[in-house]
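Topology and contacts: notes
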Amino acid sequence: MNDMLHKKTISHDRIPEVFPLIDIGANLSHESFLHDMDELLIRAQDAGLEKIVVTGTNLESSRLAIELCHRNPHLLVSTVGLHPHEASHFSSDIEKEFRQLAQNDCVKSLGET
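Note that this is a predicted model, so its numbers are computed, not measured.

Now for the sheet that holds strand 4 (residues 107-110). Sheet strands pair via backbone hydrogen bonds, and the direction of the pair is either parallel or antiparallel. Reading across from one edge, 1-2-3-4 is the order of the 4 strands in this open sheet, with parallel pairing throughout. The open sheet terminates on both sides in strands that have one partner only, identified here as strand 1 (21-26) and strand 4. The sheet shows a mean angle of 20 degrees between the axes of neighbouring strands, taken without regard to direction.

Another point: helix 3 (residues 59-71). Taking 1.5 Å of rise per residue, the 13 residues of helix 3 would be expected to cover 18 Å, and the 19 Å separating its terminal C-alpha atoms lies within 8% of that figure. Listing the buried residues of helix 3 in full gives Leu59, Ser61, Ser62, Leu64, Ala65, Ile66, Leu68 and Cys69. Those residues of helix 3 that are buried are in contact with helix 1 (31-34), helix 2 (37-46), strand 2 (49-54), strand 3 (76-80), helix 4 (92-101) and strand 4. With a side-chain oxygen lying 3.1 Å from the backbone nitrogen of Glu60, the N-terminal cap of helix 3 falls on Asn58.

Another point: the nonpolar core. In terms of nonpolar packing, the biggest core is built from 23 residues, with Leu28, Leu41, Ile52, Val54, Leu68, Leu76 and Phe98 touching the most fellow members. Among the secondary structure elements, those contributing two or more residues to this core are helix 2, strand 2, helix 3, strand 3 and helix 4. Top element by residues in this core is helix 3. It accounts for 6 residues. Dropping the residues within four chain positions of it, Ile52 is found in contact with Asp23, Ala26, Leu28, Leu41, Ala44, Leu75, Leu76 and Val77.

Here 3 bridges tie strand 3 to strand 4, and the two strands are oriented parallel to one another. Within strand 4, the residue paired with Val80 across the bridge is Leu110. Following the chain from strand 3 across helix 4 to the adjacent parallel strand 4, one finds a crossover that is right-handed.

Another point: the pattern of salt bridges. Side chains that differ in charge, positive against negative, can pair when their charged atoms come close. Evaluated as defined, the whole model comprises 4 salt bridges. With its nearest N and O atoms 2.2 Å apart, the salt bridge here joins Glu97 to Arg63. In this pair, Glu97 sits in helix 4 while Arg63 sits in helix 3, placing the two residues 34 residues apart along the sequence.

Reading the values: the criteria
- Residues numbered from 1 in each chain as written.
- Predicted model: local features only at pLDDT ≥ 70, side-chain atom pairs only at ≥ 80, totals over all residues.
- Heavy atoms only, no water.
- Pairing = 2+ DSSP bridges.
- Helix = DSSP H or I, 4+ residues; strand = E, 2+ residues; numbered from the N terminus.
- Axes fitted to C-alpha atoms, helices over the stretch in contact; angles between N-to-C directions.
- Expected span 1.5 Å × (residues − 1).
- Buried < 20%, exposed > 50% of the residue type's maximum accessible area, 1.4 Å probe, protein only.
- Contact = heavy atoms within 4.5 Å.
- Polar contact = N/O pair within 3.5 Å; in protein donor to acceptor, adjacent residues only side chain to side chain.
- Core = buried A, V, L, I, M, F, W, Y, C linked by side-chain atoms within 4.5 Å.
- Right-handed = clockwise from strand over helix to strand, strands pointing away.
- Salt bridge = Lys/Arg side-chain N within 4 Å of Asp/Glu carboxyl O.

Right, here's the structure in full:
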């Protein structure tokens, strides 16, 4: 038998009643979301989301993620990075730009996996 099955679980009395809801990987910089962004963010808040991490998957989407965060700092933070499907586009120039973008206060992570 797997030892993990026999480990104690956390009792429910130790878990806070309310956890903040955070979407840790929203691709809101994708063009399919841009036409109704305000309504989307309102629905997210109405559903109880307290923060949304907007994922940058290339240089362009990373810039847009930061722009979205500046417009909605109460709700959005971002990452900057390059998705593995885009890895063939990586260069030292792109790395420099990512490092510059990462200096922005709303950027909480550098990299993409």
